[in-house]
Each structure stands twice: as C-alpha cells, then as structure tokens.
Amino acid sequence: MKALDELEFDNRFARLGDAFSTRVTPEPIEAPRLVVASEAALALLDLDPTEAYTPLFAEVFSGHQLWADADPRAMVYSGHQFGHYNPQLGDGRGLLLGEVFNDAGQHWDLHLKGAGQTPWSRMGDGRAVLRSSIREFLASEALHALGIPTTRALCVIGSDTPVWRERQERAAMLLRMSPSHVRFGHFEYFYYTRQPELHKQLADYVLAAHFPDCLAAEQPYLAMFRTVVERNAELIAKWQAYGFCHGVMNTDNMSILGLTFDFGPYAFLDDFDAQFICNHSDDQGRYAYSNQVPVAHWNLSALAQAFTPLIEVDALRDALSLFLPLFQAHYLDLMRRRLGLTTAEDDDQALVERLLKLMQGSAVDYTLFFRRLGELAPQAALGLLRDDFVDLAGFDAWAAAYVARLERQPAEASTARSARMNAVNPLYVLRNYLAQNAIEAAQAGDYSEVRRLHQVLCRPFEAQEGMAAYAQRPPDWGKHLEISCSS
Ligand code: AMP
Ligand code: MG
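Remember, predicted model here, so these are calculated numbers, not experimental data.

Undergrad: Give a detailed account of the overall build of the protein, specifying residues and quantitative values.
TA: A tally of regular secondary structure across the protein gives 17 helices and 13 strands. Residue pairs in contact within the protein that sit at least 24 positions apart in sequence constitute 73% of those at least 6 positions apart. Of the roughly 19,400 Å² that the protein leaves accessible, carbon and sulfur atoms contribute 52%. Put simply, the protein has 43 plus and 62 minus side-chain charges, and the middle of one group is 2 Å from the middle of the other.

Undergrad: How would you summarise the packing of aromatic side chains if you had to cite specific residues and measurements?
TA: The tally for this structure, following the rule as stated, stands at 28 aromatic pairs. When the ring of Tyr 85 is compared with that of Tyr 192, the centres are 4.3 Å apart and the planes differ by 45 degrees; the resulting orientation is tilted. You can see Tyr 85 sitting in strand β6 (residues 84-86) and its partner Tyr 192 sitting in helix α5 (residues 184-192), a full 107 residues away along the chain. By relative accessible area, Tyr 85 is classed as partly exposed at 27%. Three or more aromatic residues link up through ring pairs in this structure, and these residues are Phe 272, Tyr 289, Tyr 366, Phe 369, Phe 370, Phe 389, Phe 395, Trp 398 and Tyr 402. Stacked on the ring of Trp 298, the Lys or Arg Arg 286 has its end atom at 4.8 Å from the ring centre.

Undergrad: Let's hear about the side chain of Asp 365: which residues, and what values?
TA: Inspection of the secondary structure assignment puts Asp 365 in the loop between α11 (348-359) and α12 (366-375). Here Leu 368 takes part through its backbone nitrogen, which lies 2.9 Å from a polar atom of the side chain of Asp 365.

Undergrad: For the coordination of the magnesium ion (ligand 2), give the residues involved together with the corresponding values.
TA: The protein atoms that coordinate the magnesium ion (ligand 2) are Asn 253 (OD1) and Asp 262 (OD), at distances of 2.0 to 2.2 Å. Asp 262 shares its class with Asn 253; the two are buried.

Undergrad: Which residues make up helix α6 (residues 196-210), and what are the values?
TA: Its 15 residues give α6 an end-to-end C-alpha distance of 21 Å, which sits within 8% of 21 Å, the value for a rise of 1.5 Å per residue. Turning to α6, its buried residues number three or more, namely Leu 198, His 199, Leu 202, Ala 203, Tyr 205, Val 206, Leu 207 and His 210. Considering only its buried residues, α6 is in contact with α1 (12-15), β7 (94-101), β8 (107-113), α5, α7 (220-242) and α8 (292-306).

Undergrad: Let's hear about the domain arrangement of the protein: which residues, and what values?
TA: Split into domains, the protein comes out as domain 1 (4-181), domain 2 (207-332), domain 3 (343-422) and domain 4 (432-479). Between the C-alpha centres of domain 2 and domain 3 the distance comes to 29 Å. Every contact between the two is made by 15 residues of domain 2 and, on the other side, 11 residues of domain 3. Both faces considered, domain 2 and domain 3 share a buried interface measuring about 1,000 Å² in area, 48% of it formed by carbon and sulfur atoms. Scanning the region where domain 2 abuts domain 3 turns up 0 salt bridges. In this assembly, domain 2 and domain 3 are joined by 8 residue pairs in polar contact (both at pLDDT 80 or more). At the level of elements, α7 and α10 (323-338) are the ones that each hand at least two residues to the side of domain 2 that touches domain 3.

Undergrad: If you had to explain the packing of α11 against helix α14 (residues 392-407) to someone new, which residues and values would you point to?
TA: At a minimum axis separation of 10 Å, α11 and α14 run at an interaxial angle of 150 degrees. Regarding the angle of α11 to α14, the classification is roughly antiparallel. Pair α11 / α14 crosses with left-handed handedness. Contacts between α11 and α14 pair Asp 348, Leu 351, Arg 354, Leu 355 and Leu 358 from the former with Gly 394, Phe 395, Ala 397, Trp 398, Ala 401, Tyr 402 and Arg 405 from the latter.

How each quantity is defined
- Residues numbered from 1 in each chain as written.
- Chains lettered and ligands numbered in written order.
- Predicted model: local features only at pLDDT ≥ 70, side-chain atom pairs only at ≥ 80, totals over all residues.
- Heavy atoms only, no water.
- Helix = DSSP H or I, 4+ residues; strand = E, 2+ residues; numbered from the N terminus.
- Contact = heavy atoms within 4.5 Å.
- Areas by Shrake-Rupley, 256 points an atom, 1.4 Å probe, with all protein chains shown as cover.
- Lys, Arg positive; Asp, Glu negative; His and termini not counted.
- Charge placed at Lys NZ, Arg CZ, Asp CG, Glu CD.
- Phe/Tyr/Trp six-rings, centres within 6.5 Å; stacked < 30°, edge-to-face > 60°.
- Buried < 20%, exposed > 50% of the residue type's maximum accessible area, 1.4 Å probe, protein only.
- Lys NZ or Arg CZ within 6 Å of the ring centre and 35° of its normal.
- Polar contact = N/O pair within 3.5 Å; in protein donor to acceptor, adjacent residues only side chain to side chain.
- Donors = N, O, S within 2.8 Å, 3.2 Å for Na, K, Ca; no water.
- Expected span 1.5 Å × (residues − 1).
- Domains from an automatic or database assignment.
- Buried area = accessible area lost by both parts, 1.4 Å probe.
- Salt bridge = Lys/Arg side-chain N within 4 Å of Asp/Glu carboxyl O.
- Axes fitted to C-alpha atoms, helices over the stretch in contact; angles between N-to-C directions.
- Parallel < 35°, antiparallel > 145°, perpendicular 65-115°, else oblique.
- Left-handed = near helix turned anticlockwise from the far one by under 90°.

Now the structure itself:
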C-alpha cells in the first residue's frame, strides 16, 4: 500500500503533443474537504484507504498541490450533440492530471473534474457543483458494483467556493479514473478538422495503449473498431437490462473503451417505462430509455465515419452490422438470467417482450420486480407481484407461460434458484431520490448520508442489515425529479 506522494506518474497522453491537449494548471477551490472517497478505487491505485482522510489528499484533489512531475492537460475533442455536429468541445472544466501505473501493471488516468477554466470552457466557469459531483461519484461506483463497465470515481472534494447556476451553489471537484479518457469525439475532431497525420497518431496511440490484442490482426484499425462495436453492444445491453438511462449520449460522452462515461442527468428506471426520458432538457426524447440502442448504433456510425481515413467503408459497414445482433444476444442472456432461466429456448425473447409490455402503463418497479421474483417460489412470488399490473388477465397468462417455461428446465431447490437470481437482480440501485437525499444533506454540511448510500450501493445484490429503506420505491416527491444537462 502506498501513500499519495508515492504514486508513479506518467504523462503519455500529454507527450502526444500540444495538438491533442493544452497544459492548464488547476484553479484551486477554497477550504477543501473530503466529502466521500471510494476504498475500492483507492485500492486500484494501491493507495492505503486511510490516505483519503489526510489533509494532503483533499489538497491534491482540489487543485492546491500537484505531483512534481505532473503535466495537467485539457484535452481537445468535438462531437455530435443531440445529432448535431459541434466542431469544438474539449475539456471545459476537467483536466487530465496524469496517468498512474499500479503494481499490477494497470494504468489509470486521473482526471480532475471541476478544476477551473480551460481554452475549451466557452462561456462556462470551469466548475462543477457539489450536487453533480456527488451524482457522478455515486453512479460510477454503483454501476461498477452492478458489473456495468464504467469510469470510476476516487473522491469528491467539497469547498466554500461559490458558483452560480440557477442559484448560488458550492464548487466541488471529482477525481475520475479511467484507463483512457479518449472519446468518440476525439477521432471526430481530427477527422473533421482534416488533420490526417494527427488522426493517425491518435489511432496508433489508442491501438497500442488500449487495444494491444488488435495489433497482431491483419487490419489492426479494423480490429480495434470492431472491438469498440462489441464493447458498446455489451455495455448498452447491460444498461437496458438494468434500466439505466444515461441521458446525454452525445458522441463526446462515448468512451472508446465502451465504458459508461460522463454522468449528467442519468437515472435508473423506477416504474418500468420504455419511453422514460431522464434528461429534463431532452424535449424530443432522443435519449429516452428505449432509444439508447439505436442511438448507440448511430453514435458508432458517427465514429465509423471518423475512421474512414484508416479503414475501408465496406469493412466499417460490416463491423457496424455486428452491433444489433450482439446487443440482442447479450441482452437476452442477461434477461434470461434475471428471470432465472438456465436454458435457452427460441421463445425467450418473446417472453421478455411480453413481460415488458405488461409492465408498460402499469406501476411495476423495474428493479424490485426481478428481485421479488427470485425471493420466493415462483407461484408465490407471482401471486404477490400480480397486484402491480393493470392487465391482470394478461399477467396471469404470462405467469402461466413463465411457470411452464421454468418446468422445462432442470429442476433445482428453491434456495438455489433464489441465490442464483439474487446474484444478478440487485436489491439496491441508485434511485434519483436517494441521491437527492444524500445531496441535500451534503449541501447542509453532513456527508454521512452520501457515505452510507455509497456503502450500500457497493454491495447491491446483498440484503444489508438496517438498509431496507434503500430498497423501496420512491416516495411521491422523488418520482419526477427534474435533472438537466451540465451542472
Ligand atoms: P457535458 O454536458 O458535461 O458532457 O459537457 C459538454 C461540454 O461542455 C464539455 O466540453 C464540457 O467541458 C463543457 N462544460 C460543461 N460544463 C462546463 C462548465 N461549467 N464550464 C466550462 N465548460 C463546461
Ligand atoms: Mg461530456
């Protein structure tokens, strides 16, 4: 275990040159204090868990101190926002502090979000508020615990620095960790600015640093692109299966590694609603829950366009065509597991679709439905769940088909079935109202609720003593919280 000042830094991305990023020094925030830290993320850096509570930790991750060999950088990228190309985005309020190699040889980018203005801040103040920093922290660590690929979060540091949004709030900083911060939008930037040498330099760097397995392929760039398609198919399958809505799937928020990236107005479904829109600013519902699949495909097409200088168009098309079938296969596999199915039958897809159709328009809590389905013997569980459905005859027919389907797979003890289903069906997800409670307490200076909620979400599949309140449906006030883009 190491102390913070013993971390080994590298600056490979910075060394790509000033065409890729600009050196910017963080602007510190006043009276920094630790709001919450992730022990699991500290461990990824080989950091002793007690390091988070040292004064140095709060100083470093609030911009007051840096490693001697640090070369903090704002990265340039562009991207498609809500379907429209924005030629210049870039890190407007975050800096890549550097890259840490842990003892296992893994590599982690440290990105300080809310570190002040950069050349890409446009009209923004370069800051992040406490509220949005807590939301990103909790979501990163909660998704990871669910087994959903995501960037990670080391800590949130709060401050006294005032910032103006709709009202005055306090600035905070979040330390984000990811093996890479390269987005689809990085490739789009060098493609649309017609800088083929730099574009190729970036592709070669990403290939060598993050897709080494593709180097041996006959066409390494194509192998890399195909891997990006595969990873995104798997990622989106997990979002859909667990009811996660990202909210701002612009191509600048899509990770080249297929990780959930850049948390804004995200939400987990409470009651199932295929049309659910979590982003209050998304008037058209472009990023509605059920649109995440075609949107991811669209985003991959935008990335394919940006790869045309390096890969034949037909080969890109073939690779893109893998997305939907791969998504379907992963999604069905996950949904089978959520339903406790251990074998595969042709009609399973239809069984899932029928269930979701019955849920639509009813008041069925998407998370608790699957959890409760596995907790009792099937007939007993279905009897209790039935009350939440509007179309009772439809539900009864579905339940009969489901029970018949279970009977066609090898018999097992009820406890074994429960254990298997509980291991894939979380009891706790990050409901917006839970985050909201934690945020309001933190804004009043009490960080205990953020920390408690984080602890609960680290073990989402395990019933935890005294934590029943975190596994409830939202109260009325918590059902329709309005959350918008940048904050
Ligand atoms: P986001 O909605 O967080 O994905 O941000 C979209 C773009 O706006 C990125 O280029 C951000 O860096 C930039 N941005 C968001 N908020 C701010 C802010 N408060 N100050 C400066 N730039 C910002
Ligand atoms: Mg973004």
